[in-house]
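Chain by chain, the residues:
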Amino acid sequence: MRPAGAVLDLSPGAAVVLDGTEWTVERREPHLGRVHLVASDGVRQQVSFRFLANHPACQPSSRTASAGADRGRQAKAVEDLKEGRLELVELRMAHLLEVATGFRSGDPLRPGPGEPKPEYDPDATTLTGRHRAKAVELAALDRQQAKLLGLDAVSVHTLIRWETGRRKFGLVGCADDRWLRESGGHRTVSEEVREAILAVREGGTTEASARHAAASTRASG
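As a packed pair, helix α4 (residues 127-139) and helix α6 (residues 156-169) sit with axes 9 Å apart at the nearest point and diverge in direction by 110°. On the basis of the axis angle, α4 is roughly perpendicular to α6. At the point where α4 passes α6, the crossing takes the right-handed sense. When α4 is examined against α6, the residues His-131, Arg-132, Lys-134, Ala-135 and Leu-138 are found in contact with a partner set consisting of Val-156, Leu-159 and Ile-160.

Shown next, in the form of structure tokens:
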């Protein structure tokens, strides 16, 4: 039962616990009075605000509640995407769901043609193997097409990073920060520089790469 006075955060990216299972808010439809939820395994459901508010076993997730207290600003949401980027984010989401579940819809009850493919069948493969298969699949795309779709230079590390964003923020967590509208007052860096910084932190680049990342950051500021 939800503790007295506990506020149920239903903003995109927030998490709620329903009957002991954590769900992330993917998006809201206030005009219809409903919210779309996604579980960590990609399963989705849509429920009404009233249903969640009155459900005796629905409560805020301690994970996102504590994060929200320190955020200092509103979490990114689908509404923050620049024009024309939603379709690209949805495409990334479909690839991630195929890795996670074997189905681009994320729902075994709504399989696409030939799904699950052998290399993505969760009953016959490991998650690591599926990540590697997806990286190979995307690497085989036409380079120009892949770049236009935001699917170029995708490594296993990139897929895991996107998946982490998806679990934390829902659909918009799959987007590059440069695909979001400026909220004002926040310094940004390019995705390439961000990747370089991450690589430096993990000890995967040379000192020269670190200097290049720092110089690029100063230039973008």
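Attention now moves to the pairing of strand β2 (residues 21-29). Here strand β1 (residues 15-18) runs beside β2; their pairing, made up of four bridges, is antiparallel. Counted as the bridge partner of Ala-15 is Thr-24 from β2. Following β1, the chain reverses through two residues before pairing antiparallel with β2; Asp-19 in that reversal takes a positive phi of roughly 55°. Note that β2 and strand β3 (residues 34-39) share six bridges and pair antiparallel. Bridging from a neighbouring strand, Val-25 pairs with Leu-37 of β3. Taking the residues between adjacent antiparallel strands as the criterion, β2 and β3 are bridged by four residues, where Gly-33 takes a positive phi near 70°.

Cut-offs used in this document
- Residues numbered from 1 in each chain as written.
- Predicted model: local features only at pLDDT ≥ 70, side-chain atom pairs only at ≥ 80, totals over all residues.
- Heavy atoms only, no water.
- Axes fitted to C-alpha atoms, helices over the stretch in contact; angles between N-to-C directions.
- Helix = DSSP H or I, 4+ residues; strand = E, 2+ residues; numbered from the N terminus.
- Parallel < 35°, antiparallel > 145°, perpendicular 65-115°, else oblique.
- Left-handed = near helix turned anticlockwise from the far one by under 90°.
- Contact = heavy atoms within 4.5 Å.
- Pairing = 2+ DSSP bridges.

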